[in-house]
Amino acid sequence: MTADLLADAAEHLRRAADAVEGETADRFDQEADTLATAAADDSGVDHGWLAKHTHTIRDAAGDAGEDAQDHAEAAIGCINEYREDVPGV
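Because the structure is a prediction, the values reported are computed rather than measured. (Residues numbered from 1 in each chain as written. Predicted model: local features only at pLDDT ≥ 70, side-chain atom pairs only at ≥ 80, totals over all residues. Heavy atoms only, no water.)

### Here's the deal with the pattern of salt bridges
Phase 1: Tallied over the entire structure, the rule returns 4 salt bridges.
Phase 2: In this structure, the salt-bridge partner of Asp-59 is Arg-27, at a minimum N-O distance of 2.5 Å. Within this pair, whereas Asp-59 is found in helix α3 (residues 47–61), its partner Arg-27 is found in helix α2 (residues 22–40), the two being separated by 32 residues in sequence.
Phase 3: The class of Asp-59 is partly exposed, set by a relative accessible area of 41%.
Phase 4: For Arg-27, the salt bridge identified is with Asp-63, shortest N-O distance 3.6 Å. With Arg-27 in helix α2 and Asp-63 in the loop between α3 and α4 (66–83), this pair connects stretches of sequence that are 36 residues apart.
Phase 5: Each of Arg-27, Asp-59 and Asp-63 takes part in salt bridges that share partners, so that together they form one network. (Salt bridge = Lys/Arg side-chain N within 4 Å of Asp/Glu carboxyl O. Helix = DSSP H or I, 4+ residues; strand = E, 2+ residues; numbered from the N terminus. Buried < 20%, exposed > 50% of the residue type's maximum accessible area, 1.4 Å probe, protein only.)

Following this line, the structure appears as structure tokens:
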């Protein structure tokens with residue numbers, strides 16, 4: 001499991017935020033900050049935490065244009081790949 005995937009997801013979300021304005025951009029930025037912090041933290045995250053943030057990203061993407069949605073899906077892809085090595089569920 002590599003925290004680089006969470007950092008990559010954060011970068012995709014920053015690009016998604018750049019592609020939109022207002023509250024949706026703020027939501028993407030907030031999720032990017034959260035994932036970047038998790039990537040830097042050695043303690044890791046669990047499936048529930050990842051699922052919650054994946055849901056939030058999908059919800060924000062529903063209010064965004066195609067470019068932002070593409071970046072949001074790329075972020076979710078990174079999270080899902082990271083999740084494959086998370087123990088548990």
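### Description of the packing of helix α1 (residues 3–18) against α2
Phase 1: The N-to-C vectors of α1 and α2 enclose an angle of 165 degrees; their axes lie 8 Å apart at closest approach. It follows from the interaxial angle that α1 and α2 lie roughly antiparallel. In the crossing of α1 with α2, the sense of the turn from one axis to the other is left-handed. Seen from α1, the contacting residues are Ala-3, Leu-6, Ala-7, Ala-9, Ala-10, Leu-13, Arg-14, Ala-16 and Ala-17; seen from α2, they are Ala-25, Phe-28, Asp-29, Glu-31, Ala-32, Asp-33, Leu-35, Ala-36, Ala-38 and Ala-39. (Axes fitted to C-alpha atoms, helices over the stretch in contact; angles between N-to-C directions. Parallel < 35°, antiparallel > 145°, perpendicular 65-115°, else oblique. Left-handed = near helix turned anticlockwise from the far one by under 90°. Contact = heavy atoms within 4.5 Å.)

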